[in-house]
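# Residue-level structural notes
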Protein chains: 2
Amino acid sequence: MSQPPSVEKPPGRVFRFSGGASGRYRVLGSRAVCGDGLETVPWLALTEGPSTPDAACRWSLQGIVSNERYVTRLERERLVSLQAGLGRASARHGALIPIRKNPAWWALTQEERRAIFEDRSQHIAVGLRALPQVARRLHHCRDLAEPQGFDFLTWFDFDPRDAGIFDEMLGALRRTEEWSYVDREVEIRVERVEG
Amino acid sequence: MSQPPSVEKPPGRVFRFSGGASGRYRVLGSRAVCGDGLETVPWLALTEGPSTPDAACRWSLQGIVSNERYVTRLERERLVSLQAGLGRASARHGALIPIRKNPAWWALTQEERRAIFEDRSQHIAVGLRALPQVARRLHHCRDLAEPQGFDFLTWFDFDPRDAGIFDEMLGALRRTEEWSYVDREVEIRVERVEG
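In this report, the structure presented in the accompanying data block is examined.

Scoring rules and cut-offs
Residues numbered from 1 in each chain as written. Chains lettered and ligands numbered in written order. Predicted model: local features only at pLDDT ≥ 70, side-chain atom pairs only at ≥ 80, totals over all residues. Heavy atoms only, no water. Helix = DSSP H or I, 4+ residues; strand = E, 2+ residues; numbered from the N terminus. Rg over C-alpha atoms; globule rule 2.2 N^0.38 Å. Buried < 20%, exposed > 50% of the residue type's maximum accessible area, 1.4 Å probe, protein only. Contact = heavy atoms within 4.5 Å. Areas by Shrake-Rupley, 256 points an atom, 1.4 Å probe, with all protein chains shown as cover. Lys, Arg positive; Asp, Glu negative; His and termini not counted. Charge placed at Lys NZ, Arg CZ, Asp CG, Glu CD. Least-squares fit on C-alpha atoms with pLDDT ≥ 70 in both. Phe/Tyr/Trp six-rings, centres within 6.5 Å; stacked < 30°, edge-to-face > 60°. Lys NZ or Arg CZ within 6 Å of the ring centre and 35° of its normal. Buried area = accessible area lost by both parts, 1.4 Å probe. Salt bridge = Lys/Arg side-chain N within 4 Å of Asp/Glu carboxyl O. Polar contact = N/O pair within 3.5 Å; in protein donor to acceptor, adjacent residues only side chain to side chain. Nonpolar A, V, L, I, M, F, W, Y, C, P; charged D, E, K, R; others polar. Expected span 1.5 Å × (residues − 1). Pairing = 2+ DSSP bridges.

## Some details on the overall build of chain A
Along chain A, the regular secondary structure elements total five helices and eight strands. For chain A, the N- to C-terminal ordering of α and β elements is β-β-β-β-α-β-α-α-α-β-β-α-β. Scaling as 2.2 N^0.38, a compact globule of 195 residues should have a C-alpha radius of gyration of about 16 Å, and chain A matches this with 17 Å. If you line up chain A on its principal axes, its C-alpha atoms span 55 × 45 × 35 Å. Buried residues in chain A amount to 49% of all 195 residues. Contacts in chain A between residues at least 24 apart in sequence constitute 77% of all its contacts with a sequence separation of at least 6. Total accessible area computed for chain A in this model is approximately 9800 Å², and 53% of it derives from carbon and sulfur atoms. Between the centroid of the 28 positive side chains of chain A and the centroid of its 27 negative side chains there is a distance of 2 Å.

See the structure below:
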C-alpha cells in the first residue's frame, strides 16, 4: 500500500502568448476594451518556459507567475478550496486578457492599492463567484526587463456553456473603482483545437 | 521670470551590475553572508538601461526599479523627506547587496510579509536611522524572465566616514525575524574611481 510516486509537474513560471498564423488556440474574437489594441490574428500559441518570440508571430507577450500581492490568508483558503485547474477536458473556450494600470495606480502604496482592490472593488469576491467554472492563471509582466506594454496577462478557460458566468465576471470587474486605473485592456477570446 | 526647462532625468528602470576586469567601482571586498557567494572580482560595472551581459564579465545581475511593496503613506513621507540621492560627490564608498528569500517567505500572504517586515522586524525604521547618510536604490529581480539567483539587489552609497552607520544598519537588519527568511546574501563593498 505504498504511495505512488508523485508525477505532478512543478508549476510553470514563465509563459509566452504569441498571436499569429499558428497555435493550439483558434481566435474567436479580439477587441481593445480600452487603450491601444493588439492586431487581430487567427491563432494564439502558448509556450511554457524561457523562450524568444517566434519571428513569424505578429505579437508576443511574456509573463511570470509570481507571489500573490493582495489576498489575505482567509481569502486564499477560499480560493484554493473552490478553484479548478486549467486544461479540463470540458474547458474548450478561453480568453487572454492583457491589462495595464496607469501611473497613478503604481504610485499608490500597497495598503492604498489593497483598499481599492478588495475593500472597495471586491475583486476577489467577484472572482470567487465565477468558481469553479472559470479557471485562471495570472502572469506579471510589469517587472520584466523588456517592456511588454502591459502589467498583467490573465489566462482563463471554461466550458463554453459557462461563458455567461465569465462575461458577468468581466462586466462586474470593469465597473469597479479599481478599473478606473486600467488604461489599456485587450480581450482575446479563443477556442482550444484538439489533436 | 519663466521657469527654466526641467533637465531632471527620468528615473531609470533597468540596471545591470557586472563583476569583472572593468567598471567604475573598485571592489574593496566581497563575501557570502549566507548561501552561495559570487566570485570575487576586482571591478564592478553598473549599466543603466536594457543590456545583455558583457562576455568579459565573471557574473552579471540585472534588476528593475518597481513600485513599493510594503511602506505605508506615512512611512513613505518620512523616507522621502529624509533620504538623499545616489551619486553625491562625498559618497565615494558603496555596496551591492544581492539577497534571496526562501520559498517559505514567498508562500506568505502580503499581510503576513508586511507584519514580519515592519511590525516585527522594523525594516523601515532601521533604514530610517541611516538617513540621510546612506543613499540606496532597490532593484527587483525575482520576476525577470531569466532567473538571476537573487530576488533583490540593493545598491548603496555613502561617505567613507559614515561606513559605521551603514554597518550598524546591516547588522541590525541581519538580526531580525525577516532575515531568517534570507537564504542567500552577498555583500560587495566598493569604492568609486573618479575620472
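Still more to cover.
## Examining helix α3 (residues 110-120) of chain A
Taken as a whole, α3(A) has its buried residues at Gln110(A), Arg113(A), Arg114(A), Ala115(A), Ile116(A), Phe117(A) and Glu118(A). On its buried face, α3(A) is in contact with α1 (73-82), α2 (103-106) and α4 (123-128) of chain A together with α3 (110-120) of chain B.

## Topic: the relation of the copies chain B and chain A
Note on the identical chains: chain B maps onto chain A by a rotation of 180° and an axial translation of 0.0 Å, with an RMSD of 0.0 Å. What we have between these two chains is a two-fold relation. Identified as the residue of chain B closest to the rotation axis by C-alpha distance is Leu144(B), at 2.4 Å. The residues that chain B uses at the interface reappear at the interface of chain A in 100% of cases, marking a shared surface.

## Description of the packing of aromatic side chains
By the definition in use, this model includes 14 aromatic pairs over all chains. Ring centres of Tyr70(B) and Phe117(B) lie 4.4 Å apart, and the angle between their planes is 20°; this geometry places the pair in the stacked category. Highlighted residues: Tyr70(B) in the loop between β4 (59-64) and α1 (73-82) and Phe117(B) in helix α3, separated in sequence by 47 residues. In this pair, the class of Tyr70(B) matches that of Phe117(B), namely buried. Above the ring of Trp105(A), the side-chain terminus of Lys101(A) is found at 4.0 Å from the ring centroid. Against the face of Trp106(B) rests Arg142(B), its NZ or CZ located 4.1 Å from the ring centre.

## A look at the interface of chain B and chain A
Taken together, the contacts link 26 residues of chain B with 26 residues of chain A. Across the interface of chain B and chain A, roughly 2300 Å² is buried in total on both sides, 38% from carbon and sulfur atoms. The three residues of chain B that bury the most area against chain A are Asn67(B), Asp143(B) and Ala145(B), which together make up 25% of that side's buried surface. Joining chain B to chain A, the criterion identifies four salt bridges. At the junction of chain B and chain A, the tally comes to 20 residue pairs in polar contact (both at pLDDT 80 or more). Listed by contribution, the elements that provide at least two residues to the side of chain B that touches chain A are β4, α1 and α3 of chain B. Here the side of chain B that touches chain A takes four residues from α3(B), the largest share from any one element. Across the side of chain B that touches chain A, the residue classes break down as nine nonpolar, six polar and 11 charged.

## Considering the pattern of salt bridges
For the coordinates displayed, the defined rule picks out 38 salt bridges over all chains. Arg100(A) is paired through a salt bridge with Asp183(A); the nearest N and O atoms lie 2.8 Å apart. Linking Arg100(A) in strand β5 (residues 93-101) with Asp183(A) in strand β8 (residues 182-192), this pair joins segments that are 83 residues apart in sequence. What makes Asp183(A) partly exposed here is its relative accessible area of 28%. Measuring nitrogen to oxygen at the nearest pair gives 2.7 Å for the salt bridge that ties Glu112(A) to Arg73(B). Of this pair, Glu112(A) sits in helix α3 while Arg73(B) sits in helix α1, each in a different chain. Each of Arg31(A), Asp167(A), Arg174(A), Glu185(A), Glu187(A) and Arg189(A) takes part in a single network of salt bridges with overlapping partners.

## Some thoughts on the environment of Trp105(A)
Here Trp105(A) is to be found in helix α2. Beyond its immediate stretch of four places on either side in the chain, Trp105(A) contacts Tyr70(A), Arg113(A), Ile116(A), Phe117(A), Glu178(A) and Tyr181(A).

## Looking at helix α5 (residues 163-174) of chain B
All names here are of chain B. Its 12 residues give α5 an end-to-end C-alpha distance of 17 Å, which sits within 8% of 16 Å, the value for a rise of 1.5 Å per residue. The complete set of buried residues in α5 reads Ala-163, Phe-166, Met-169, Leu-170, Ala-172 and Leu-173. Buried residues along α5 sit against β5 (93-101), α4 (123-128), β7 (152-158) and β8 (182-192).

## Points about the pairing of strand β2 (residues 25-34) of chain A
Residues and elements named next belong to chain A. In terms of strand pairing, β2 meets strand β3 (residues 43-48) through two bridges, oriented antiparallel. Directly across from Tyr-25, in β3, lies its bridge partner Leu-44. In this structure, β2 lies alongside β8, joined through eight bridges in antiparallel fashion. By the bridge assignment, Tyr-25 is partnered in β8 with Arg-192.

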